[in-house]
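Each chain is listed here by its residues.
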Amino acid sequence: MTSSPRASLGLMFRLELTESLRSRWFHFYSVVLIGLMLLLILTGVSESRVLGFTGLSRLLVTYIQIAMAVLPLFIIVVTARSMVGDREAGNLEYMLAFPVSLSAWFWGRFFARLVLILTPVLIALAIAAAYGAVKGHEIPWNHVMLYAGLVAALSTCFLGLGFLLSTISRSTEVALGASMVIWLLLVALLDLLLLSIMIRSQFPPEYVVGIALANPLQSFRTASMILFDPQLILLGPASYVILDAFGVVGYVVWAMVYPTILGLLFAALGYWRFKKTDLV
Amino acid sequence: MGLIDINGLTKRFEKRAVLDELTLSINAGDRIALIGSNGAGKTTLFRCLLGHYRYQGNVQFEGARTARRDVGTLARIAFVPQLPPPLRLPVGDLLRFAEKGAGASAAGMQEIAGKMGIDLDEIRNRPFYRLSGGQKQKILVTVALARDADLLIFDEPAANLDPAARAVFIDLLAERKDCSMLIASHRLEEVASLVNRVIELDRGAVVLDDSVVDRLKAGVFRQCRIGLASAHPTFGAALLDWGFTETDEGRQYAGKIPAADTLRFLGLLSRYASLIEHLSLDTSDTGKG
């Protein structure tokens, strides 16, 4: 029988992997993310040139911008309904009667989901690299790796948020509704939307920059731009604040560390809440 | 000191107390039928014992007050829920999880499933939720019985089982002499042969705690006479199996019932209740059979 916390964690990790690998959400998610990359390759995006980007860089820029729209929404919606859905279905009642610690149960599931979420993105990036190699494009490995890091950070953030929502919601409907509202709010706070309205309304710039820095979607977006556009010409005047306060490397580090910590904090809060309330 | 001592257990949902200052002791070797109408608090009691719910009061396992959900305690409790969960994982993975996570014996599961009429190798790769209700219940019972548990908690365990599987299930439970049982059932007659104690819950409190074994001691018999409206070969054969003698062309039967088997015998009678015209169960006759 499983006795050590590590063995229990491994057991739950494998169990969640096995169960999710068979679930429709994972199949759909994988098809969308890998299919998107294949679609971009087939449509010849890498052969076009926009603002000086061409080749694999152009392909990656386009992919990552689209992924930014798809990935967080998908993660938060699917995750938010996971625990609460299991509770409603009676899965938790049965599975939590086994002698596996709650921490192993919760974190085993969390890390298994993280692996599941990242795998299709990494496969898509690997396909892009392979395609670049075949076509003779120069492969920007540092950018590929940094993109993978940014995606991992963003995924951790929204996964943690999803787990938190799932543990505090008493029904799947509430969890889904809350996840949609949060996602819409974060999208609205991207620089092109609410922030520009705030600036136009002469909202104090420090607050606007603070909101932008706090928004994990914005930090991902800006960092993904900074990799190919170190002067942040695309971003406009806001780039001065970012570059003065952080510098290129500093901002990329921020965009990786901050969402990761935020996601882990959300998940930890979700675990604490899970532990403190009725489990079923 | 009992196996489990429950003292002043109260569980409220919003302001309604589903369990209300419930005090109960479960001793090693107790085989308890937990009866009560819907909403009496049976499932809530199970969930409190399994640590699924927060509660007020005190639950001790072998005298030690444990944390709300203590892994060491759970390792000694096997549970079968009222409704099988719609788990997506394949049956083989569930069995492996039970083996590695709860110490269920792989050989034991194979043997028990076989007795229940389930070929584990055939369904090993099928998702659990795709099985029929009866198959799911059999798998859950298999997992629970293959564990080296000190307490079996079964919530309406036979609800989805066909009569043949139900009979096998009862036999399998009867074989488990090494552990205590807490079985919730709407049909007392179904588990009557298994239990030595009946507890009835009503609105979250114990209204009956009947230690059957105290009154129906082994070695004591009851004189029973049964008159049927008309002869019934199957019922007649069952009564002859109990050692009854037959008169009046299969319409009158008389025999002695071991007092300890009274509940099991009443379970038999309940299946043929419409045929019975006259019944006497003489409690004054306590002579040896």
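Model, not experiment: these values are computed from the prediction.

Looking at the interface of chain B and chain A
The partner chain A presents 24 residues to the 24 residues of chain B that form the contact. Those elements that place two or more of their residues in the side of chain B that touches chain A are helix H2 (71-74) and helix H3 (91-102) of chain B. With five residues, H3(B) is the largest single contributor of residues to the side of chain B that touches chain A. When its residues are assigned to classes, the side of chain B that touches chain A shows 15 nonpolar, three polar and six charged.

Focus: unusual backbone geometry
Residues and elements named next belong to chain B. Here Asp248, not a glycine, exhibits a phi torsion of approximately 55°, which is positive. When you line up the elements, Asp248 lands in the loop between strand E12 (245-247) and strand E13 (252-258). Even without glycine at this site, Glu249 takes up a positive phi of about 50°. Looking at the element boundaries, Glu249 is found in the loop between E12 and E13. With 8 C-beta atoms counted inside 10 Å, the residue Glu249 sits in the exposed group.

Points about the domain arrangement of chain B
Domain parsing of chain B yields domain 1 (4-214) and domain 2 (216-282). Each of domain 1 of chain B and domain 2 of chain B has a C-alpha centre, and these two points are 31 Å apart.

Brief notes about the pairing of strand E2 (residues 16-26) of chain B
All names here are of chain B. Bridging between strand E1 (residues 4-13) and E2 involves seven bridges; their strand directions are antiparallel. From the neighbouring strand, Lys11 faces E2, where its bridge partner is Leu19. Taking the residues that link successive antiparallel strands as the turn, the E1-E2 hairpin has two residues, and the phi of Glu14 there is positive, at about 55°.

Rules and cut-offs
- Residues numbered from 1 in each chain as written.
- Chains lettered and ligands numbered in written order.
- Predicted model: local features only at pLDDT ≥ 70, side-chain atom pairs only at ≥ 80, totals over all residues.
- Contact = placed C-beta atoms within 7 Å.
- Helix = DSSP H or I, 4+ residues; strand = E, 2+ residues; numbered from the N terminus.
- Nonpolar A, V, L, I, M, F, W, Y, C, P; charged D, E, K, R; others polar.
- Buried ≥ 20, exposed ≤ 12 C-beta atoms within 10 Å, placed from the backbone.
- Domains from an automatic or database assignment.
- Pairing = 2+ DSSP bridges.

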